[in-house]
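Results of the structural survey
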Amino acid sequence: MVKAVVAGASGGIGQPLSLLLKLSPYVDELALYDVVGSPGVAADLSHISTKAVVKGYLPADEGLKSALTGADIVVIPAGIPRKPGMTRDDLFNINAGIVRDLITGIAQFAPKAFVLIISNPVNSTVPIAAEVLKKHGVFDPAKLFGVTTLDVVRTETFVASVLGKPDPSVFKVPVIGGHSGDTIVPLLSLGTPSFTIPDEATRDALVKRIQFGGDEVVQAKEGKGSATLSMAHAGFRFAESILKAVSGETGIVENTFVYLPGIPGGEEVKKITGLDFFSVPVTLGASGAVSIDNILPKVSEYEKTLLSVAYTGLGANITKGVDFIVSPTK
Ligand code: NAD
Ligand code: LMR
């Protein structure tokens, strides 16, 4: 029996993500938590004739505790999205506290659950989550993930578009680093099946489009938020990969932002990057992240220059998240 929780379930991502989870054969119970509207979303989804039993929870009457108790997987898209002109880091002041409080609930009521963080800035909210879980003595690095799957999904789509290929899903391209602007590093040279981008200008434009794909959506939505539907798809893809691995499927690899020192193979990546958190290809198993594939020695010279820029930005984002919990007065 698998219980999944969506925290932030009434939002632009939360609603379609909850719909996809309600349709999944891997979910038996679906708890929808939000500060507003979750009973309505739950009532609506509960009429769909799939097996998952859906219930909505609000903060009143210990709603967070009830939603989280018995959870196997918690997906967190709670928090404010960007408007045009904002960076993801501009969301820190509001979203850091939201993530801290939800993770505190997880530490108390669902300490063994897989935790998938979508709330931005992911480069900082995942370190916040790790520090809160450490503080409560329940941090399992194999179970904490920053969801960077949308960068992978965009890369598949934009690569197919540049190459004029009809089916983006055939392309597998590692996207590593973090989840904001130039901390997002697509490794086109390691894509499979292997492909050649016609010239340097096209390659540079493709990489920029992947790194700033989020801005494209923010601008197109004209102040009404950021990516929601593509993010629900990406978040569900990642959540379902976890659930498949839990059910015994092997050979599942996802790129995700994790705490390197806590996962086999991570120390090697840390040695090169100098960072504790990084998005890397991670093999998933029944207990979560089983191993990290250190692909850094295989990257091209061009990708090395992208990575060196990413390391600097990421380092600052990670420190900001850690300090929010460890040295709150800084
Ligand atoms: P939204 O405003 O539509 O929805 C957010 C929801 O969170 C709302 O329903 C709100 O009521 C709820 N919420 C606020 N505080 C809460 C709390 N303490 N507990 C539970 N729920 C709470 O926003 P959205 O478009 O769904 O985006 C949500 C977050 O996801 C944003 O931070 C956005 O930047 C981020 N995001 C991340 C990615 C990614 O690739 N990781 C992609 C897209 C968006
Ligand atoms: C994205 O990549 O679409 C999200 O991180 C949302 C955003 O702010 O761009």
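Please read all numbers here as calculations on a predicted model, not as lab measurements.

Our focus in this paragraph is the side chain of R154. Tracing the backbone through its elements, the reader meets R154 in helix α6 (residues 149-163). Despite being buried, R154 has no salt bridge partner; D151 is the closest side chain of opposite charge, sitting 4.1 Å away. Sequence-distant contacts of R154, that is, excluding residues within four places in its chain, are made with G213, G214, V217 and A227.

This part covers empty space enclosed by the protein. Within the structure shown, the criterion is met by 1 cavity of 30 Å³ or more. The computed volume of the largest cavity comes to approximately 60 Å³. Lining the largest cavity are P111, A113, V115, L133, V138, D140, K143 and L144. When the residues that make up the lining of the largest cavity are grouped by side-chain class, the tally is 6 nonpolar, no polar and 2 charged.

So, on to the pairing of strand β1 (residues 3-7). Among the 5 residues in β1, 5 count as buried, and that is most of the element. Two elements, β1 and strand β2 (residues 29-33), share 5 bridges in a ladder whose sense is parallel. Bridging across to β2, V5 finds its partner in A31. Between the parallel pair β1 and β2, the chain is carried across by helix α1 (residues 14-23), and the sense of this crossover is right-handed. Where β1 lies against strand β4 (residues 73-76), 3 bridges are found, and the strand directions are parallel. From the neighbouring strand, V5 faces β4, where its bridge partner is V74.

This paragraph deals with the site of ligand 1. Taken together, 29 residues sit near ligand 1, with G12, I13, D34, I80 and N120 positioned nearest. Between ligand 1 and G11, the relevant distance is 3.2 Å, taken from an oxygen atom to a main-chain nitrogen or oxygen of the residue. Within the side chain of H179, a nitrogen or oxygen atom sits 3.0 Å from an oxygen atom of ligand 1. Relative to its unbound accessible area of 870 Å², ligand 1 is 85% covered by the protein chains. Applying the majority rule of atoms within 2 Å of the grid points places ligand 1 in the largest pocket. The dominant element in the shell around ligand 1, judged by the number of residues it contributes, is helix α4 (residues 92-109), at 3 residues. Residue-level mapping places the shell around ligand 1 at the junction of two domains, with at least three residues from each of domain 1 (3-146) and domain 2 (148-330).

Take the layout of surface pockets next. Over the atoms, a rolled probe matching the size of one water molecule traces out where space is still vacant. Quantified by volume, the largest pocket comes out at close to 670 Å³. Where the lining of the largest pocket is concerned, the elements lending two or more residues are α4, α6 and α8 (213-220). Sort the elements by how many residues they give to the lining of the largest pocket and α4 lands first, with 4 residues. Here the residues of the lining of the largest pocket are counted per class, giving 18 nonpolar, 14 polar and 5 charged. Of the domains in this structure, domain 1 (3-146) and domain 2 (148-330) are the two that each give at least three residues to the lining of the largest pocket. Estimated volume of the second largest pocket: approximately 300 Å³. Surrounding the second largest pocket, 14 residues form its lining, K172, V173, P174, V253 and N255 being those nearest its centre. Among the elements of the structure, α6 and β9 (252-259) are those that each provide at least two residues to the lining of the second largest pocket. Tallying contributions element by element places β9 first for the lining of the second largest pocket, with 3 residues.

Attention shifts here to the domain arrangement of the protein. Entries for the protein in the domain assignment read domain 1 (3-146) and domain 2 (148-330). Its C-alpha centre places domain 1 at a distance of 21 Å from the equivalent point of domain 2. Across the boundary between the two partners, domain 1 contributes 44 residues, which contact 51 residues of domain 2. Counting each side, the surface lost to burial between domain 1 and domain 2 is near 3,800 Å², with a carbon and sulfur contribution of 71%. It is Y26, R88 and N123 in domain 1 that bury the most area against domain 2; as a group they hold 18% of the surface buried on that side.

All told, the structure shown has 7 aromatic pairs when counted by the stated rule. Aromatic pair F145 and F238: ring centres 5.3 Å apart, planes at 65°, arrangement edge-to-face. One end of the pair, F145, is in strand β6 (residues 144-146); the other, F238, is in helix α9 (residues 229-246), and 93 residues separate them in sequence. Geometrically, the ring pair formed by Y259 and F277 is tilted, given 5.2 Å between the ring centres and 55° between the ring planes. Of this pair, Y259 sits in strand β9 while F277 is found in strand β10 (residues 277-285), placing the two residues 18 residues apart along the sequence. Each member of the pair Y259 and F277 is classed as buried. Aromatic ring contacts, followed pair by pair, group F139, F257, Y259 and F277 into a single cluster.

Reading the values: rules and limits
- Residues numbered from 1 in each chain as written.
- Chains lettered and ligands numbered in written order.
- Predicted model: local features only at pLDDT ≥ 70, side-chain atom pairs only at ≥ 80, totals over all residues.
- Heavy atoms only, no water.
- Helix = DSSP H or I, 4+ residues; strand = E, 2+ residues; numbered from the N terminus.
- Buried < 20%, exposed > 50% of the residue type's maximum accessible area, 1.4 Å probe, protein only.
- Lys, Arg positive; Asp, Glu negative; His and termini not counted.
- Salt bridge = Lys/Arg side-chain N within 4 Å of Asp/Glu carboxyl O.
- Contact = heavy atoms within 4.5 Å.
- 1 Å grid on protein atoms, 1.4 Å probe; cavity = no way out; pocket = protein on both sides within 12 Å on 5 of 7 lines; lining within 4 Å.
- Points joined across faces, edges and corners; volume = space filled by probe spheres on them.
- Nonpolar A, V, L, I, M, F, W, Y, C, P; charged D, E, K, R; others polar.
- Pairing = 2+ DSSP bridges.
- Right-handed = clockwise from strand over helix to strand, strands pointing away.
- Near = heavy atom within 4 Å.
- Polar contact = N/O pair within 3.5 Å; in protein donor to acceptor, adjacent residues only side chain to side chain.
- Areas by Shrake-Rupley, 256 points an atom, 1.4 Å probe, with all protein chains shown as cover.
- Sits in = over half its atoms within 2 Å of the grid points.
- Domains from an automatic or database assignment.
- Buried area = accessible area lost by both parts, 1.4 Å probe.
- Phe/Tyr/Trp six-rings, centres within 6.5 Å; stacked < 30°, edge-to-face > 60°.

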